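Take a look at the letters that make up each chain.
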Amino acid sequence: MSATRSPKVSERVAPKAADPQPPKKKKHDDDDGPDFATLFRAWIESHRASLLDSLRRLGKQPIGSFFTCMVMAVALSLPMGLSLLLNNVERLGGSWQRAAQISLYLQLDASPQQGEALREQIKGMPGVADAEYVGRDQALEEFQQQSGLGEALRELPENPLPGVVLVTPNEVDKPTLEALRQKLSELPKVQQAQLDLVWVERLAAILKLGDRFVFGLTVLLVSALLLVIGNTIRLHIENRRTEIEVIKLVGGTDSYVRRPFLYMGALYGFGAGLLSWGLLAFGLNWLNDAVVGLAGLYGSDFALAGVPVADGLSLLLGAVLLGYIGAWIAVARHLRELAPK
């Protein structure tokens, strides 16, 4: 028999303490997940795909999409058109201000030189847009032409009319005008300062009524627009109900499901804004012919201004926001009902 003994089974199976362990692999930074640039590119690609999908679906229904945008455009054009008409009316600022002119009747002994000096002094005062001096001879001549009593007035021994300074204020506001009238009445050579406050109050009431009417109509039609957008997006959601349930079943997030509908609402708003801008430009141009003809009968060259670029861009941006908000409300309402079953 051999003197050497065979190793035990435990010694053959168990690893030796001196044997080195296999080195562990070091984790690299890339193992923590994708970097920011990769995530940003994926986010951009997701939005691009949603936008193209929305455009493709709207392109499949061109007639329905056009009429939806047209309904929204008409609703947008009404308050915007009234607002533009009010702005054009306010462009007749000289007429509004002349309606609130302050007439300063001078003393009979005031010379034309004193009247002109007073006019220059008043013209430089704060709150005054313009001042015009009407001499005694000019006042008498105008009165003869307007009254039709020219022959009788020529028989008078002397001119009974005083010189007048017509003061045009910067703004039509009753307290401001009353304070200005009181200040002007204290000037030298001024016998009386007259202001038709009743007409000023009527004018301010008319302008205030117009502003309130436009505001109320805007609120009403904006609510109607949200309902139109919400109902349109709801129909799109119902047509894709099965697809959405499958997406949510495989782990699609609410934001992923919501994104195409938000783009769809914004595209509806963009189309409606463009159509509304075009309708307003065409309507004002069509109405301008009649306005120019009417103004010419009164010896005026007044004409309606078109849609300013700033107002048009504001209209376009507002329409896009309304479409986006309407789509968000519709999707948020129906998204809870689309949980996978």
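Here the structure is shown first, and the text comes after it.
As a starting point, this report considers the structure included with it.

What counts and how
- Residues numbered from 1 in each chain as written.
- Predicted model: local features only at pLDDT ≥ 70, side-chain atom pairs only at ≥ 80, totals over all residues.
- Heavy atoms only, no water.
- Helix = DSSP H or I, 4+ residues; strand = E, 2+ residues; numbered from the N terminus.
- Buried < 20%, exposed > 50% of the residue type's maximum accessible area, 1.4 Å probe, protein only.
- Areas by Shrake-Rupley, 256 points an atom, 1.4 Å probe, with all protein chains shown as cover.
- Expected span 1.5 Å × (residues − 1).
- Arc of directions from axis to C-beta.
- Pairing = 2+ DSSP bridges.
- Axes fitted to C-alpha atoms, helices over the stretch in contact; angles between N-to-C directions.
- Contact = heavy atoms within 4.5 Å.
- Phe/Tyr/Trp six-rings, centres within 6.5 Å; stacked < 30°, edge-to-face > 60°.
- Lys NZ or Arg CZ within 6 Å of the ring centre and 35° of its normal.
- Patch = residues over 30% accessible without salt bridge, like charges linked within 9 Å, V, L, I, M, F, W, Y side chains within 5 Å.
- Salt bridge = Lys/Arg side-chain N within 4 Å of Asp/Glu carboxyl O.
- Lys, Arg positive; Asp, Glu negative; His and termini not counted.
- Charge placed at Lys NZ, Arg CZ, Asp CG, Glu CD.
- Parallel < 35°, antiparallel > 145°, perpendicular 65-115°, else oblique.
- Left-handed = near helix turned anticlockwise from the far one by under 90°.
- Nonpolar A, V, L, I, M, F, W, Y, C, P; charged D, E, K, R; others polar.

## Concerning the overall build of the chain
Moving on, step 1. Secondary structure assignment for the chain yields twelve helices and four strands.
Moving on, step 2. Expressed as a percentage of its 341 residues, the buried residues of the chain come to 32%.
Moving on, step 3. Per element, the accessible surface of the chain, about 22300 Å² overall, is 61% carbon and sulfur.

## Remarks on helix 8 (residues 174-185)
Moving on, step 1. Helix length check: helix 8 (twelve residues) gives 16 Å between terminal C-alpha atoms against 16 Å at 1.5 Å per residue, within 8%.
Moving on, step 2. Taken together, the buried positions of helix 8 are occupied by Leu177, Leu180, Arg181 and Leu184. Taken around the axis of helix 8, the buried residues stretch over an arc of 105°, which confines them to a single face.

## Points about the sheet that holds strand 2 (residues 128-134)
Moving on, step 1. Across the sheet, four strands lie side by side as 2-3-1-4; this open sheet has antiparallel pairing. The sheet terminates laterally at strand 2 and strand 4 (190-195), the two strands that pair on one side only. If you compare each strand with its neighbour and ignore which way they point, the axes differ by 20° on average.
Moving on, step 2. Where strand 2 and strand 3 (residues 164-169) come together, six bridges link them in antiparallel fashion. Across the sheet, residue Tyr133 finds its bridge partner in strand 3, namely Val165.
Moving on, step 3. Relative to strand 2, helix 5 (residues 112-123) is tilted by about 175°, and along the sheet it contacts strand 1 (102-106), strand 2, strand 3 and strand 4.
Moving on, step 4. Contacting strand 1, strand 2, strand 3 and strand 4, helix 8 crosses the sheet at an angle of about 170° to strand 4.

## Some remarks on the packing of aromatic side chains
Moving on, step 1. Scanning all chains against the criterion turns up two aromatic pairs.
Moving on, step 2. Pairing Phe66 with Phe67 gives two aromatic rings, centres 5.7 Å apart and planes at 75°, and the pair type is edge-to-face.
Moving on, step 3. Residue placement shows Arg258 over the ring face of Trp328; its charged tip is 4.6 Å from the ring centre.

## Overview of a negative patch on the surface
Moving on, step 1. Among the surface-exposed residues, Glu132, Asp137, Glu141 and Glu142 lie close enough to one another that they form a single negatively charged patch.
Moving on, step 2. Of the residues forming the negative patch, the biggest block, three residues, is contributed by helix 6 (residues 136-147).
Moving on, step 3. Counting through the fold element by element, Glu141 comes out in helix 6.

## Topic: the packing of helix 2 (residues 36-60) against helix 11 (residues 254-297)
Moving on, step 1. As a packed pair, helix 2 and helix 11 sit with axes 9 Å apart at the nearest point and diverge in direction by 55°. Put simply, helix 2 runs oblique to helix 11. Regarding helix 2 and helix 11, the two cross each other, and that crossing is right-handed. Residues Ser46, His47, Ser50, Leu51, Asp53, Ser54, Leu55, Arg57 and Leu58 of helix 2 form the contact with helix 11, whose participating residues are Tyr256, Arg259, Pro260, Tyr263, Met264, Leu267 and Tyr268.
Moving on, step 2. Residue classes in the contact of helix 2 with helix 11 are distributed as nine nonpolar, four polar and three charged.

## Observations regarding the environment of Met70
Moving on, step 1. Position of Met70 among the secondary structure elements: in helix 3 (residues 62-90).
Moving on, step 2. Looking at Met70, the relative accessible area reads 23%, which means it is partly exposed.
Moving on, step 3. With sequence-adjacent residues up to four places away left out, Met70 is seen in contact with Leu275 and Leu279.

None of the figures reported here should be taken as evidence of function without further support.
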